[in-house]
Amino acid sequence: MKVLVIGGGAREHALCRALSLDPDVTALHCAPGNAGIAEVAELHAVDALDGAAVADLAASLGAGLVVVGPEAPLVAGVADAVRERGIPAFGPSAEAARLEGSKAFAKDVMAAAGVPTARAYVCTGPAEVDEALDAFGPPYVVKDDGLAAGKGVVVTEDVEAARAHALACGRVVIEEFLDGPEVSLFAITDGETVVPLQPAQDFKRAHDGDEGPNTGGMGAYSPLPWADPALVDEVVATVCQPTVDELRRRGTPFSGLLYAGLAITSRGVRVIEFNARFGDPETQVVLARLKTPLAAVLLAAATGRLEAEPPLRWSDGAAVTVVLASHNYPDTPRTGDPITGLDEVAEKDGPKAYVLHAGTKRDGASGAVVSAGGRVLSVTATGSDLAKARERAYRAVGRIGLEGSHHRSDIAAKAAAEADS
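As a starting point, this report considers the structure included with it. (Residues numbered from 1 in each chain as written. Predicted model: local features only at pLDDT ≥ 70, side-chain atom pairs only at ≥ 80, totals over all residues. Heavy atoms only, no water.)

### Remarks on the overall build of the chain
Step number 1: Scanning the chain from terminus to terminus reveals 14 helices and 22 strands.
Step number 2: Expressed as lengths along the three principal axes of its C-alpha atoms, the size of the chain is roughly 55 × 45 × 45 Å.
Step number 3: Each of the 421 residues in the chain was classed as buried or not, and the buried ones make up 57%.
Step number 4: Accessible surface for the chain amounts to roughly 16,400 Å². Of this, 49% is attributable to carbon and sulfur atoms. (Helix = DSSP H or I, 4+ residues; strand = E, 2+ residues; numbered from the N terminus. Buried < 20%, exposed > 50% of the residue type's maximum accessible area, 1.4 Å probe, protein only. Areas by Shrake-Rupley, 256 points an atom, 1.4 Å probe, with all protein chains shown as cover.)

### Comments concerning the packing of helix 13 (residues 386-397) against helix 14 (residues 413-420)
Step number 1: Running from amino to carboxyl end, helix 13 crosses helix 14 at an angle of 145°, the nearest separation of the two axes being 8 Å. On helix 14, the residues touching Leu386, Ala387 and Arg390 of helix 13 are Ala413, Ala415, Ala416 and Asp420.
Step number 2: Within the contact of helix 13 with helix 14, the residues separate by chemical class into five nonpolar, no polar and two charged. (Axes fitted to C-alpha atoms, helices over the stretch in contact; angles between N-to-C directions. Contact = heavy atoms within 4.5 Å. Nonpolar A, V, L, I, M, F, W, Y, C, P; charged D, E, K, R; others polar.)

### Some thoughts on the side chain of arginine 289
Step number 1: By secondary structure assignment, the location of arginine 289 is in helix 10 (residues 282-289).
Step number 2: Here arginine 289 sits buried without a salt bridge, and the closest side chain of opposite charge, aspartate 316, lies 6.4 Å off (N-O distance).
Step number 3: Within the local environment of arginine 289, its side chain forms a polar contact with the side chain of serine 222, the two groups lying 3.0 Å apart.
Step number 4: Setting aside chain neighbours within four positions, we find arginine 289 in contact with Gln198, Ser222, Pro223, Arg313, Trp314, Ser315, Gly317, Ala318 and Ala319. (Lys, Arg positive; Asp, Glu negative; His and termini not counted. Salt bridge = Lys/Arg side-chain N within 4 Å of Asp/Glu carboxyl O. Polar contact = N/O pair within 3.5 Å; in protein donor to acceptor, adjacent residues only side chain to side chain.)

### Details of the pattern of salt bridges
Step number 1: Going through the model one piece at a time under the given rule, you end up with 27 salt bridges.
Step number 2: Its salt-bridge partner being arginine 163, residue aspartate 130 comes within 2.6 Å of it at the nearest N-O pair. Taken as a pair, aspartate 130 in helix 7 (residues 126-136) and arginine 163 in helix 8 (residues 159-169) lie far apart in primary sequence, 33 residues in all.
Step number 3: Through salt bridges with shared partners, one network takes in Glu344, Lys348, Asp349, Lys388, Glu391, Arg395 and Arg399.

### So, the state of the cysteines
Step number 1: Following the criterion strictly, the structure yields zero disulfides and no others.
Step number 2: Left unpaired, cysteine 123 is separated from the closest cysteine sulfur, that of cysteine 169, by 11 Å. (Disulfide = S-S within 2.5 Å.)

### Looking at the nonpolar core
Step number 1: Counting residues in each nonpolar core, the largest one holds 78 residues, and the members touching the most others are Leu4, Val66, Leu99, Val320 and Ile400.
Step number 2: Ranked by residues supplied to this core, first place goes to helix 9 (residues 231-249) with eight residues.
Step number 3: If we skip the residues at most four places from it in the chain, leucine 99 touches Phe105, Ala106, Val109, Thr243, Leu247, Phe254, Leu258 and Phe274.
Step number 4: Listed in part, the 45 residues of the second largest apolar core include Leu15, Ala220, Leu299 and Leu306. (Core = buried A, V, L, I, M, F, W, Y, C linked by side-chain atoms within 4.5 Å.)

### What to know about the sheet that holds strand 4 (residues 65-68)
Step number 1: The parallel open sheet is built from five strands, whose spatial order is 3-2-1-4-5. Only two strands of the sheet have a single partner each, and these edge strands are strand 3 (42-43) and strand 5 (89-90).
Step number 2: Sheet topology places strand 1 (residues 2-7) next to strand 4; four bridges connect them, and they run parallel. Bridge pairing in strand 4 places valine 3 opposite leucine 65.
Step number 3: Against the sheet, helix 1 (residues 10-20) touches strand 1, strand 2 (27-32) and strand 4, its axis set at about 170° to strand 1.
Step number 4: Against the sheet, helix 11 (residues 294-302) contacts strand 4 and strand 5, and its axis sits at roughly 90° relative to strand 4. (Pairing = 2+ DSSP bridges.)

### Side note on unusual backbone geometry
Step number 1: A cis geometry characterises the amide bond from tyrosine 329 onward to proline 330, with omega recorded as 15°.
Step number 2: Here proline 330 is to be found in the loop between strand 18 (318-325) and helix 12 (342-348).
Step number 3: In this structure, proline 351 follows glycine 350 across a cis peptide bond, with omega equal to 0°.
Step number 4: Along the chain, proline 351 turns up in the loop between helix 12 and strand 19 (353-357).

### Considerations on the sheet that holds strand 11 (residues 194-196)
Step number 1: The strand order 11-10-16-17 describes an open sheet built from four strands, whose pairing is antiparallel. The sheet is open, and its two edges are formed by strand 11 and strand 17 (268-275), each paired on a single side. Neighbour-to-neighbour, the strand axes of this sheet turn through a mean angle of 35°, independent of strand direction.
Step number 2: By the bridge criterion, seven bridges tie strand 16 (residues 256-265) to strand 17 in an arrangement that is antiparallel. What sits directly across from glycine 261, in strand 17, is glutamate 273.

### What about helix 9?
Step number 1: An ideal rise of 1.5 Å per residue puts 27 Å on 19 residues; helix 9 measures up with 26 Å between its terminal C-alpha atoms.
Step number 2: Most pronounced at alanine 237, the bend in helix 9 amounts to some 40°.
Step number 3: In the core, the buried residues of helix 9 are packed alongside helix 5 (98-101), helix 6 (103-113), strand 10 (182-189), strand 11, strand 16 and strand 17.
Step number 4: Positioned one or two residues after helix 9, glycine 251 has a phi angle of 85°, which is positive. (Expected span 1.5 Å × (residues − 1). Bend = angle between axes of the 7 residues up to and from the residue.)

### Notes on the packing of aromatic side chains
Step number 1: As enumerated under the stated definition, the model contains five aromatic pairs in all.
Step number 2: Aromatic pair tyrosine 121 and phenylalanine 136: ring centres 5.4 Å apart, planes at 55°, arrangement tilted. In this pair, tyrosine 121 sits in strand 6 (residues 120-123) while phenylalanine 136 sits in helix 7, placing the two residues 15 residues apart along the sequence.
Step number 3: Overall, the relative accessible area of 37% leaves tyrosine 121 in the partly exposed class.
Step number 4: For phenylalanine 136, a relative accessible area of 18% translates into the label buried. (Phe/Tyr/Trp six-rings, centres within 6.5 Å; stacked < 30°, edge-to-face > 60°.)

### Side note on the environment of valine 159
Step number 1: Along the polypeptide, valine 159 turns up in helix 8.
Step number 2: On the accessibility criterion, valine 159 (34% relative accessible area) is partly exposed.
Step number 3: C-alpha of valine 159 to C-alpha of tyrosine 140: the two residues are 19 residues apart in sequence and 7.0 Å apart in space.
Step number 4: Not counting residues within four places of it along the chain, the set of residues in contact with valine 159 comprises Leu133 and Tyr140.

As structure tokens, this is what we get:
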């Protein structure tokens, strides 16, 4: 089949890489893509938020499947527009994507479905904000109700910082702090059947030791050797399936990728948030371990035939991804800096380690690959265990040059040490 992927980040590069390795994919297209995706897919210029333009592109290419990567096009109804043209689309409707587009909507769905989550208040003014902050006390958790590219959440002991963030957002969700480690679990669904992927853990803070500001994610690893083997089944039974069932009951079935951000608390599993698409950078490590060809699974979800698909197959090894970020990220990043060492990684480390592009483009004058965003590259590696995957990932990172860039040096370090002990 011919596949069109919408988006241009490392998540989309990971999806395109997996699809390019699928023998059933006869042609792979991506819009708008980036400098790395151009090596495995044909790129097209399109406004990813314009559903009609995306549908026109898909039709002109004869695409048999459109995979919508980022959250903003989903919330804007791009998947709806594609489906209206009779083309299968992997991604929820605009109405169902409100699960990510509105934290308040997600809380309402969870309450109706009996899904365990943090107690929360939805606040729209200073008086409500102050009441909620006072009710919960520190640490304060304040979430922008709408889309914020993974950076709309503030967790702080400083009540004034929490209040300032809340008032700057307008409508916010203020909730109790959830203790315990965080886990990301993706589930593919056609609106009825739920098929979980392997869990992963990401690292949101900018600097080692979980210091610094929140980011969109600075790295991830999978599997989780410290997690209960029954965790995936428990999350499907208590979180994913009830949520999918509740949305179908409301007449807004969720078809696509349901991402559950979880806290493993002293009182059990609790949902921190839902996303309506593959997460970045967890997708990079999850797909690195997936042995089942991807296209048929996504098409089955898009066409309501997921129940008939055979069980997913996974590698026994591990995967680690390390994000290389621009100078000043997550504040306004510096862009346009040349990136070196990409060929060296491909030559010396591939295929066990490889580079997935996020914020990159090819300079028109020099032809060089340059930075074009905050998170620039995801350096991903596989290995027999976390320690080996981690070693390969950081060796590859060391070959890459990007002036002013920064990355965390502790991705998966604790989990790898615990697994060895």
